[in-house]
Amino acid sequence: MKKVYTFPQKYLMFSIPTTLILGFIIGMFIDTSFLRGTILFATIIMIYATLIGFKLKELKSIKGSKIHGFAIVMNFLIIPGIAYAIGKLFLTEYPIMFAGLALAALLPTSGMTISWTALQKGNVPASVKLTVFGLIIGSILTPWYLIAMVGEYVDINILATIRTIALIVFLPMILGHFTFKLILKKYTLEHFQKKIKPNLAPLSIWAMLYVVFVSISTQASIIASNLQLIVISILVLVVFYGLNYLIATFTALKFFNRGDGIAFVNGTVLRNLSIAIGLGATAFGAEAALLLTIGFVVQQQSIAYYSKFSNKRWFKKNQLQNEY
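Residues numbered from 1 in each chain as written. Predicted model: local features only at pLDDT ≥ 70, side-chain atom pairs only at ≥ 80, totals over all residues. Heavy atoms only, no water.

A surface patch of nonpolar side chains, amounting to about 540 Å² of accessible area, comprises Ile-21, Ile-25, Met-28, Phe-29 and Ile-30. Of note, Ile-21 is situated in helix α2 (residues 12–29). (Patch = residues over 30% accessible without salt bridge, like charges linked within 9 Å, V, L, I, M, F, W, Y side chains within 5 Å. Areas by Shrake-Rupley, 256 points an atom, 1.4 Å probe, with all protein chains shown as cover. Salt bridge = Lys/Arg side-chain N within 4 Å of Asp/Glu carboxyl O. Helix = DSSP H or I, 4+ residues; strand = E, 2+ residues; numbered from the N terminus.)

Its location among the elements puts Asn-244 in helix α11 (residues 228–255). For Asn-244, a relative accessible area of 0% puts it in the buried group. Separated by 65 residues in the primary sequence, Asn-244 and Phe-309 place their C-alpha atoms 16 Å from one another. Aside from chain neighbours lying at most four places away, what touches Asn-244 is Met-74, Ile-79, Ile-82 and Val-269. (Buried < 20%, exposed > 50% of the residue type's maximum accessible area, 1.4 Å probe, protein only. Contact = heavy atoms within 4.5 Å.)

Next up on the list: the packing of helix α3 (residues 39–51) against helix α13 (residues 273–283). α13 packs onto α3 with a crossing angle of 170° between their chain directions and a minimal axis gap of 10 Å. With respect to α13, the element α3 is oriented roughly antiparallel. Both α3 and α13 take part in a crossing whose hand is left-handed. In contact with Ile-39, Leu-40, Thr-43, Met-46 and Ile-47 of α3, α13 contributes Ser-274, Ile-275, Gly-278, Ala-281 and Thr-282. Looking at the contact of α3 with α13 residue by residue, the class counts come to 6 nonpolar, 4 polar and no charged. (Axes fitted to C-alpha atoms, helices over the stretch in contact; angles between N-to-C directions. Parallel < 35°, antiparallel > 145°, perpendicular 65-115°, else oblique. Left-handed = near helix turned anticlockwise from the far one by under 90°. Nonpolar A, V, L, I, M, F, W, Y, C, P; charged D, E, K, R; others polar.)

Attention now moves to the packing of aromatic side chains. Counting across every chain of the model gives 10 aromatic pairs. Taken together, a centroid distance of 5.3 Å and an interplanar angle of 80° make the contact between Phe-70 and Phe-256 edge-to-face. Pair noted here: Phe-70 is in helix α4 (residues 65–90) and Phe-256 is in the loop between α11 and α12 (258–269), with a separation of 186 residues, a long-range link. On the basis of relative accessible area, Phe-256 is assigned to the buried category, the value being 11%. Through successive ring pairs, a cluster of aromatic residues spans Phe-70, Phe-255, Phe-256 and Phe-264. (Phe/Tyr/Trp six-rings, centres within 6.5 Å; stacked < 30°, edge-to-face > 60°.)

In this section: the pattern of salt bridges. Counted under the stated rule, the structure contains 2 salt bridges. Across the pair Glu-152 and Lys-88 runs a salt bridge whose closest N-O atoms are separated by 3.9 Å. On the criterion of sequence distance, the pair formed by Glu-152 in the loop between α7 (124–150) and α8 (158–186) and Lys-88 in helix α4 is long-range, its members being 64 residues apart. You can call Glu-152 exposed: its relative accessible area is 56%. In this structure, Lys-194 engages Glu-190 in a salt bridge whose closest nitrogen and oxygen atoms are separated by 3.0 Å. Of this pair, Lys-194 and Glu-190 both sit in helix α9 (residues 189–217), 4 residues apart, which is roughly one turn of that helix. Across this residue pair, the class does not change: Lys-194 and Glu-190 are exposed.

At their nearest, the axes of α8 and α13 sit 11 Å apart, and the two run at 145° to each other. Relative to α13, α8 is oriented so that their crossing is right-handed. Of the residues in α13, those touching α8 at Thr-164, Ile-165, Ile-168 and Val-169 are Ile-275, Gly-278, Leu-279 and Thr-282. Class assignment of the residues belonging to the contact of α8 with α13 gives a composition of 5 nonpolar, 3 polar and no charged.

All right, on to the confidence of the model for the chain then. With 94% of its residues at a pLDDT of 70 or more, the chain shows a mean pLDDT of 86. The low-confidence segment residues 320–324, where pLDDT is below 50, has 9 contacts with residues more than four positions distant or belonging to other chains. (pLDDT = per-residue confidence, 0-100.)

Inspection of the secondary structure puts Ser-233 in helix α11. Among the polar contacts listed, one links the side chain of Ser-233 to the backbone oxygen of Leu-229, at a separation of 2.7 Å. If near-sequence neighbours (up to four positions away) are discounted, Ser-233 is found in contact with Met-97, Leu-291 and Ile-294. (Polar contact = N/O pair within 3.5 Å; in protein donor to acceptor, adjacent residues only side chain to side chain.)

Within the fold, Thr-109 resides in the loop between α5 (95–106) and α6 (111–119). Residue class for Thr-109 comes out buried when judged on its relative accessible area of 0%. Of the polar contacts made by the side chain of Thr-109, one reaches the backbone oxygen of Thr-131; its length is 3.4 Å. In contact with Thr-109, not counting residues within four places along its chain, are Leu-130, Thr-131, Gly-134, Leu-135, Gly-267, Leu-270, Arg-271 and Asn-272.

Shown next, in the form of structure tokens:
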């Protein structure tokens, strides 16, 4: 059972496309619309599992304010600007997909930010703080940015959007905080990090795959009659991530040392697509969820290749001795 439980997390590049295909095939033959009401609940579980152990106290330290200042500009001015320009160029005829791209642009950082920074031996404490700041600031700004970016194409119910964000971000954050406190009353922090936390990640992945399945299956017939949506999604996402990598890398090399540069790139290019998928599926529908799901594949593959290539070219590991 443990192998089944952890399988989607270990083989994410297999799990996501397979779920997309299964959702599409099943949705063509079976009406799954009765499952729509469960998307919000599954999203709350998905985010809750990732936020157990989320360290709000990281916000208290002002150390590393330079990298965070640059990251705020990148995450909430430059990247939304890039997404808006791409959306205006490619997605004006597909407003729901435009909204999905906007969500990806407005919700920076995830657990991947910390994981990849650690793998590249970058500044992990800085990446943790970037994740905390990104999640909180992005969640607060997203409703208003959505109006500015796609309000002329999509009807944005501001109160409903705020309520949805509160349910899928701040409620899990609060529940995760108190769950973590309860766990520490019985177990040590080391036990939590080594034994409990690793078993929470697969739960989040299963919940995400469920959201993807329901989102795609309930709109399978619409997608079938518009297969160009997949091609457009891939094109848009490749351009979006390509520009983000280019600008983030240039900034990192010009203004930061190796460790901070790695944290900066990972804290700006990588987006919190788990929350974006949940919010997109809940607030907008299948087209937004489709773009964001494909975005998961593009993001995972691109950071894997970028990490290997950058460590050989501009983030060389032998720089560590000179910097630390």
